[in-house]
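# Secondary and tertiary structure notes
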Amino acid sequence: MLFELRDGRFQLMEQRPLSPFMHGRGYLLVEQALAAFLKEIEVEGVALEQVVVFNPTTGEELTSHVRVRVSQFFR
């Protein structure tokens, strides 16, 4: 449903409403409310980054979602 552009934005590939969770190869995006909750409870190993979802049909840039990056390591 999304394609990550070189400039860091995510381009919509289909014209339909955004889902609360959007994932694909190498990314997980969640709505602002869930991101705020994850930040509040300070989940270890989780980094949150504001992203832009670009609609090429309308030229609109949406900031409703946050990228979740999960650190993985082994001991």
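This text gives an overview of the structure that appears in the document.

## Points about the sheet that holds strand 2 (residues 10-12)
Read across the open sheet, the 4 strands follow the order 1-2-6-7; overall the sheet is mixed. Edge positions in the open sheet fall to strand 1 (2-4) and strand 7 (60-62), since each of these has one partner strand only. The sheet shows a mean angle of 30 degrees between the axes of neighbouring strands, taken without regard to direction. As judged from the 3 bridges shared by strand 1 and strand 2, these two strands associate in the antiparallel manner. Looking across to strand 2, one finds that Phe-3 is bridged to Gln-11.

## Here we look at the packing of aromatic side chains
Going through the model one piece at a time under the given rule, you end up with 1 aromatic pair. Against the face of Phe-54 rests Arg-9, its NZ or CZ located 4.5 Å from the ring centre.

## Observations concerning the pattern of salt bridges
In the structure shown here, the tally under the stated rule is 5 salt bridges. The shortest N-O distance in the salt bridge between Asp-7 and Arg-9 comes to 2.8 Å. The residue Arg-9 makes a salt bridge to Glu-61 at a minimum N-O spacing of 2.7 Å. Of the two residues, Arg-9 is situated in the loop between strand 1 and strand 2 and Glu-61 in strand 7; the sequence distance between them amounts to 52 residues. Here Glu-61 falls in the partly exposed class, since its relative accessible area comes to 45%.

## Comments concerning unusual backbone geometry
Even without glycine at this site, Glu-42 takes up a positive phi of about 50 degrees. With respect to the helices and strands, the residue Glu-42 is situated in the loop between helix 1 (32-40) and strand 5 (46-50).

## Description of the environment of Val-46
Along the chain, the position of Val-46 falls in strand 5. Discounting residues that sit within four places of it in the chain, Val-46 has contacts with Val-68, Arg-69 and Val-70.

## Re the nonpolar core
In globular proteins that are soluble, nonpolar side chains generally tend to be buried together. Formed by Leu-2, Phe-10, Leu-12, Met-22, Tyr-27, Leu-29, Val-51 and Val-53, the largest nonpolar core amounts to 8 residues. Those elements that provide at least two residues to this core are strand 2 and strand 4 (27-31). Here Val-51 is in contact with Phe-10, Leu-29, Leu-62, Thr-63, His-65, Val-66 and Arg-67, once residues within four sequence places are set aside. With 5 residues, the next largest nonpolar core counts Val-30, Ala-35, Val-66 and Val-68 among its residues.

So, how was this worked out
- Residues numbered from 1 in each chain as written.
- Predicted model: local features only at pLDDT ≥ 70, side-chain atom pairs only at ≥ 80, totals over all residues.
- Heavy atoms only, no water.
- Pairing = 2+ DSSP bridges.
- Helix = DSSP H or I, 4+ residues; strand = E, 2+ residues; numbered from the N terminus.
- Axes fitted to C-alpha atoms, helices over the stretch in contact; angles between N-to-C directions.
- Phe/Tyr/Trp six-rings, centres within 6.5 Å; stacked < 30°, edge-to-face > 60°.
- Lys NZ or Arg CZ within 6 Å of the ring centre and 35° of its normal.
- Salt bridge = Lys/Arg side-chain N within 4 Å of Asp/Glu carboxyl O.
- Buried < 20%, exposed > 50% of the residue type's maximum accessible area, 1.4 Å probe, protein only.
- Contact = heavy atoms within 4.5 Å.
- Core = buried A, V, L, I, M, F, W, Y, C linked by side-chain atoms within 4.5 Å.

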